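# Structural overview
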Amino acid sequence: KADGFPTEGIMPKAETQALSFLRANPAYDGRNVVVAILDTGVDPGAIGLQETSDGKPKIVDIVDTTGSGDLDTSKVVEGKAEEGCVLVNGVTGKPLKLSSGFKNPTGKWHVGAKPEFELYPKGLKNRIVKEKAKKFLEPQRKRLAELARKIAVLEESERKGGEAKGPAPASSPSAAAASTPRPEGALEDLKEQKKQLEAMVKSFSYTGRVFDVVTWHDGEKHVCVVDTQCDGDLTSSEPMANYRHSRQYGTIDTVDLVNYSVNIYDDGNLTTIVVCCGSHGTHVAGITAAYLPDEKGSMDGVAPGAQIVSVKIGDTRLGSMETNMGMVRAVRAIIDNKCDLVNMSYGEPTSTPNKGRFPELCALLVNTHNVIFVSSAGNAGPALTTVGAPGSTTSELIGVGAYVSTPMMKAEYCMRGTDTVADIQYTWSSRGPCANGHLGVCISAPGGAIAPVPQWTLRRNTLMNGTSMASPNACGGLALVLSGLKALGVPYTPHSVRRACENTAKYIGHIERFAQGHGLLQVDDCFKALSASGNRVESRINYKVAVGKGAGWVAGGGGGRGVYLRNPKEVEGVSEATADVTPAFHEDEDPKLKQGFQQRLLVRPTAFWVDAPKYILLMNGGRSFSFAVDPSELGPGAHYAEVQGFDSTDLSKGPLFRVPVTAIKPEKKQDKEGRRYRFRDLSFKPGHIERRYLATPEGCTLAHIKLTTSNAETTRKFMVAAVYLDSQRGYRDNEINKFVASENQEHHFNMPVEPGVTLEVVVAQYWSSLGVCTADLDVSFHGVSPTPSVLFVTPNAPNVTRVDLRCGLGKEKLDAQAKLTSRVQQYRPKEAIIRPLPPAERRDLLPKQTFTSELLATYQFELKAKTSKVKIGFPFLNKMLYDSPYGSQLFMLFDEAKRHVATGDAWPDAVSLDKGKYTVRLHVRHDNVGVLEGLRALVMDVSMPLSKPVSLSAHPSYADAALKRSKLGGNKTIKASQTIPVFFSAPTSKAVEGLAPGTLLTGSVTYIKSRDGMKDVRSYPVRGVVPPAAAPAAASASSGGKKKAAEEKKKKKEEEKGEEGKDAKPKEDPKAKFDEMLLKARAAAILNYVSTLKGDELKEALPRLKELKESTDLKSADEKIVKEVIEAEIKAHAVLEDHAAVIAAADEYVRLINPTELAAFFGVNRSDDDDKAETKAKEKDRKGVIAALTAKAKAVVDQLTKAVETANKGKAEGETITLSDLAKDQKEGFVKALKELKRWTNVKKDKKVLSPLILFEHKLNGCYGKALSHVSEHIASNPRDKAMLATRSELLKVLGWTEW
């Protein structure tokens, strides 16, 4: 171009021959090819994603397979016709207006709702929250300034001793209140208003809107409308159908710029609103197939003619993390849309390569449905064996590494000095080989691009890099190849395409094999190879290779898909292995072709240290051959070779199969034990990597790595990594991977290790860090091994635990540090249901029409206090995703109001929870019901931090630990081959008190003193169990004697009292006793009957209560019943709203009790010698007085409230009065009633009684700031109290703060 801008580096295509291929074959630009993008979702409104180069819709389907966009629309309502519209009630309680033009033959409307922030990705949510907060809080700050001004005026007035006239402290809307003099306490209330508003401003957080949704059947299909404006008016909304059928999408609003589409399932009972959960998927789709005609090809994706199927596998609830449910459902979407290619730029480590539910389904897609599956290799480099699942660990997938070229450096990264930097693999691109022996990375492609992103990012496009970008670049390149093959009618299979792209890839000599795989994809060469071999029999065959162990071969991570000799003993001599080569045909292939297949193969090892037979005659059913690997003469380092099989009649076809062989030779020992290694003057430049493979010595438990840089003119960016392999563990369990910025300085790293393995230590200057430097690398091994490895203690109970520490290498300083930090409570499900998913749910229909079943297990637990970092886990299921055998392992957490709180999957995050009851619903899926039956009693762990960590003290002897003396000092030294016992005394801690017996306690312990500023990172588990509560301590002799003396004194007193009254007690009259019992029974029956009455019946029964109360016989028989009758009268008058009668009855009750005598009784301290029956009776009287006075106060409240209502009747809003406007004499009755009640209650202990009355007192005095403070305090401890929430709204309205 005239401006010289390196446009070829914006969307790199030249490196893979895609650009030259498109120029030579403009019609083979991806046309007639459909690519599924398994990712965060694709924004249909993003630039370049509307149509293909030949005018077809770019996106043919948009599907959310995660369930994060689902909403229940099973509630069916009928509409009410009004002028030009139909009214229906939404589930939010809002009336919704629908257009009368909406076709709905059944008249049935399905309604549901979806919170805004359940749809939005985290980045967008944060932007919206920030923007809304800014807009909302600006007037609040002005209000705070005005309150501060009013406070200053009043304070100045008080200093001058004046009686300032002015408005009431509350921003009352009434004109009357506006002209009243300042009441007593106005200044304090204004300060409280300001304090409350400041607290509200500080805690303000925009929680988002809730969108009503209406779904119905229009006679042809299901459609829906979404109330994105939240105004209830949907008359102008365009009904949307499933995207696949209608290609419709909407925009929520012009501020958010969130585009959404819908899918409707289960006959309208389930609706999904699809919103991408990140920008990643749109970027990936843009690299694959964006078409921007105005840019004249410079910004186009690799295959602008290809069509896209957006499959959202990233779950919004999990921050875009993929789930098994989402990935399994994705398989159905791929099949239903007849996709040719799949790109999946997602992945995680796996413990078992090539195994798991999703890899099984991937194999089915490729082998049965002829889908080519391309996936990212991972971004966990630069260490070896860091490739991720599924891309580089699943046989049927094409795993892609990330490459960066000079044009990319110029256009994307604005780099200077590009003439000094060679085209290279990105430093972070994951390396092979795979743990099961396969090369891991199949091919490479450019791993960066400036491509489209969703509109809600407020950008057209952006730069992203990663193997996530390399994979769609390669996928787009293969779309070009398929487009050409389809146009020419050349047959192909996923396996022939994979062989062709591997065999024609461009190998870059200065890039290591484990990083680039077979090389950089070459589109034109791949196309030519496939065009020439389309009718050959091998194009229809998958040459499957399985490698088994031979005699005497000790496999480290090897076996399965290749040979991987990693650990020291494995490379000491010759190893033998057996390779099974099987020609796999498609299941629909002609049996005659299978029966007649025979092929003569030439076998060639690519290195001298691998020996194999020269020839194989291959037929259907396969052949086996053995081969030998002898790495004993190889130098230190990583060595790669292949056993390749060729068609002996035509070697130009390239290898038909490959058996990868990797051998890692460790460095020679630099000391006798192999404990210390020193590597000096290592030279670095951009992208340069130094690897050292070290055999870990016997007895080691820790590796210490020191990097010292020098001769650097400016700061250099390095990656430092170390990793070793462990059977059936992902690399992440045994690695460190750090970025460091270094300018001639030291950096220290500690890493736990195991003896007898090969530890790879890697230092790499970052690819874009310009300049050269040198560095020294020091690695030392240390080891103190504990027996037992798990330290078990029982807190708050006498016990001592012994741990024997053995030093395997040189001397170490001991510093035993042990702590219990968390508690774990285990729960069984309250209910476990296994159900087949309904046939209507097609998205859950597995390939070959297999239906899925689901285990829905419901758990319940309760928190007694607000707790941070609560983690819910299922140990049986957690930490497995691609290696999981289950189709789903998702749980959802709900509070007692049934609100969704959190979602978790393979790696659940900790959440902060308020006190209360919680429900967890676990969903596990599988197509075999028997598998799910075994999980009905699955245990759930709920772990949370202890209120305070509990430290365990270490001692040199049992006696010291038992007596808790002489702790083990930090200067204690242990020598090589020495064993020292350490004794841990059981801790005593309040943090454990009150926990349920059986609660599991967890923590960790370290044993070695820190060095070079680095802590000992080799920690071991500490476990404990809360013991049963201790029995009450036996009383001491002195206290026991005193207690016995008191009991004898009391007994003697009772005996004396009995003797004194023995002769004087008159003989009981049986008839009088019977009459008294009859009278009491009659009174109880009347009271019980009256308690059931309401309205007029209750009013008519009141005279009977009065008659009963005034009965002379009853009064003399039992004063207790008289009290009960008055209590019944109080309740009855309250029900009838006869406030004056309530007040009178309450006063009568208090007089009957004799409050002066009662107060005197409780005015002195009571002792154990007091009559307990008398104390109990007096306590009941006290409660009765409180109840009566409370009823009296409430009656006065009702009287005053009614007085305000009467005064405001018929008045306009600006002319009304509030409680504070009442005359002083009107308020006097309440003031006295509350004052009297407070004499008998405690403000803190009797909150339930006093809280509403104190609130009324504040309102009566016009102190709305204090009232709001009172309500806010209550809501803080009871956030779901609807009455208090309503009161809060009322107060805010009076204050004029209606926007809150």
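See the structure printed just above.
Calculation criteria
- Residues numbered from 1 in each chain as written.
- Predicted model: local features only at pLDDT ≥ 70, side-chain atom pairs only at ≥ 80, totals over all residues.
- Heavy atoms only, no water.
- Helix = DSSP H or I, 4+ residues; strand = E, 2+ residues; numbered from the N terminus.
- Buried < 20%, exposed > 50% of the residue type's maximum accessible area, 1.4 Å probe, protein only.
- Contact = heavy atoms within 4.5 Å.
- Areas by Shrake-Rupley, 256 points an atom, 1.4 Å probe, with all protein chains shown as cover.
- Lys, Arg positive; Asp, Glu negative; His and termini not counted.
- Charge placed at Lys NZ, Arg CZ, Asp CG, Glu CD.
- Expected span 1.5 Å × (residues − 1).
- Core = buried A, V, L, I, M, F, W, Y, C linked by side-chain atoms within 4.5 Å.
- Polar contact = N/O pair within 3.5 Å; in protein donor to acceptor, adjacent residues only side chain to side chain.
- Pairing = 2+ DSSP bridges.
- Axes fitted to C-alpha atoms, helices over the stretch in contact; angles between N-to-C directions.
- Left-handed = near helix turned anticlockwise from the far one by under 90°.
- Nonpolar A, V, L, I, M, F, W, Y, C, P; charged D, E, K, R; others polar.
- Phe/Tyr/Trp six-rings, centres within 6.5 Å; stacked < 30°, edge-to-face > 60°.

## A look at the overall build of the protein chain
- Scanning the protein chain from terminus to terminus reveals 28 helices and 57 strands.
- On the principal axes, the C-alpha backbone points of the protein chain span a range of 125 × 90 × 75 Å.
- Residues classed as buried in the protein chain amount to 53% of the 1300 residues present.
- In the protein chain, 75% of the contacts between residues at least 6 apart in sequence involve partners at least 24 apart.
- Counting every atom, the protein chain has about 59,400 Å² of accessible surface; 50% of that belongs to carbon and sulfur.
- Averaging the locations of the 178 positively and 158 negatively charged side chains of the protein chain gives two centres separated by 3 Å.

## So, helix H8 (residues 357–369)
- With 13 residues, H8 extends 17 Å between its outermost C-alpha atoms, agreeing within 8% with the 18 Å of an ideal straight helix rising 1.5 Å per residue.
- Counting buried positions along H8 yields ten of 13 residues, so the element is predominantly enclosed.
- Structurally, H8 contributes buried residues whose contacts are with strand E1 (34–39), helix H7 (324–336), strand E18 (341–344), strand E19 (372–376) and helix H11 (494–503).
- Just downstream of H8, Asn-370 is the residue with a positive phi angle, here 55 degrees.

## Focus on the nonpolar core
- Core analysis: the largest hydrophobic core is formed by 75 residues, its most contacted members being Val-35, Leu-341, Leu-478 and Trp-767.
- Per element, the largest residue contribution to this core is ten residues, and it comes from helix H10 (residues 467–488).

## Overview of the side chain of Gln-196
- Looking at the element boundaries, Gln-196 is found in helix H4 (residues 186–203).
- Of the polar contacts made by the side chain of Gln-196, one reaches the side chain of Ser-1272; its length is 3.3 Å.
- Contact partners of Gln-196, with chain neighbours within four places excluded, come to Gly-1265, Leu-1268, Ser-1269 and Ser-1272.

## Description of the pairing of strand E32 (residues 637–647)
- Counting buried residues in E32 gives ten out of eleven residues, a clear majority hidden from the surface.
- Of the strand pairs in this sheet, strand E28 (residues 598–605) and E32 are connected by five bridges, and their pairing is antiparallel. Bridging from a neighbouring strand, Val-603 pairs with Gly-645 of E32.
- Both E32 and strand E33 (residues 657–665) contribute to a ladder of nine bridges, which runs antiparallel. When the sheet's bridge partners are listed, Ala-641 is paired in E33 with Val-661.

## Re the sheet that holds strand E7 (residues 95–99)
- As summarised here, the arrangement of the four strands in space is E5-E6-E7-E11, forming an open sheet in which the pairing is mixed. Strand pairing shows two members of the sheet lacking a second neighbour, strand E5 (80–82) and strand E11 (233–234), which therefore form its edges.
- Note: strand E6 (residues 85–89) against E7, five bridges, orientation antiparallel. Across the sheet, the residue bridging to Asn-89 is Pro-95, located in E7.

## Focus on the sheet that holds strand E13 (residues 259–265)
- The antiparallel open sheet is built from four strands, whose spatial order is E3-E14-E13-E12. Each of the sheet's edge strands pairs with one partner strand only, and the pair in question is strand E3 (70–72) and strand E12 (250–251).

## Things to note about the pairing of strand E50 (residues 900–904)
- Pairing of strand E49 (residues 888–895) with E50, which is carried by four bridges, proceeds in the antiparallel orientation. By the bridge assignment, Met-892 is partnered in E50 with Thr-903.
- The antiparallel hairpin formed by E49 and E50 contains four residues in its connecting segment, where Lys-898 sits at a positive phi of about 65 degrees.

## Description of the packing of H10 against helix H13 (residues 523–533)
- Here H10 crosses H13 at 35 degrees, and the two axes come no closer than 9 Å. As H10 packs across H13, the resulting crossing turns out to be right-handed. Contacts between H10 and H13 involve Gly-477, Leu-480, Val-481, Gly-484, Leu-485 and Leu-488 from the first element and Val-523, Cys-526, Phe-527, Leu-530 and Ser-531 from the second.
- Residues belonging to the contact of H10 with H13 are distributed by class as follows: eight nonpolar, three polar and no charged.

## Some details on the environment of Ala-1173
- For Ala-1173, the location among the structural elements is in helix H24 (residues 1172–1208).
- Separated by 1164 residues in the primary sequence, Ala-1173 and Gly-9 have C-alpha atoms spaced 94 Å apart.

## As for the packing of aromatic side chains
- Scanning the model with the defined rule gives 33 aromatic pairs in all.
- With a centroid separation of 5.2 Å and an interplanar angle of 80 degrees, the aromatic rings of Tyr-426 and Trp-767 are classed as edge-to-face. Here the residue Tyr-426 occupies a position in the loop between strand E21 (424–425) and strand E22 (443–446), and Trp-767 occupies one in the loop between strand E40 (758–765) and strand E41 (773–782), the gap between them amounting to 341 residues. Comparing Tyr-426 with Trp-767 shows no difference in burial state: the two are buried.
- For the ring pair Phe-514 and Tyr-640, a centre distance of 5.7 Å and an interplane angle of 85 degrees mean the geometry is edge-to-face. With Phe-514 in helix H12 (residues 513–516) and Tyr-640 in strand E32, this residue pair connects regions lying 126 residues apart in the sequence.

## Overview of unusual backbone geometry
- With omega at 0 degrees, the peptide bond leading from Ala-389 into Pro-390 counts as cis.
- For Pro-390, the location among the structural elements is in the loop between E19 and strand E20 (398–404).
- For the peptide bond that leads from Thr-787 to Pro-788, omega is 0 degrees, which places it in the cis range.
- Topologically, Pro-788 is positioned in the loop between strand E42 (784–787) and strand E43 (791–793).
- Not every positive phi belongs to a glycine, and Lys-898 is a case in point at roughly 65 degrees.

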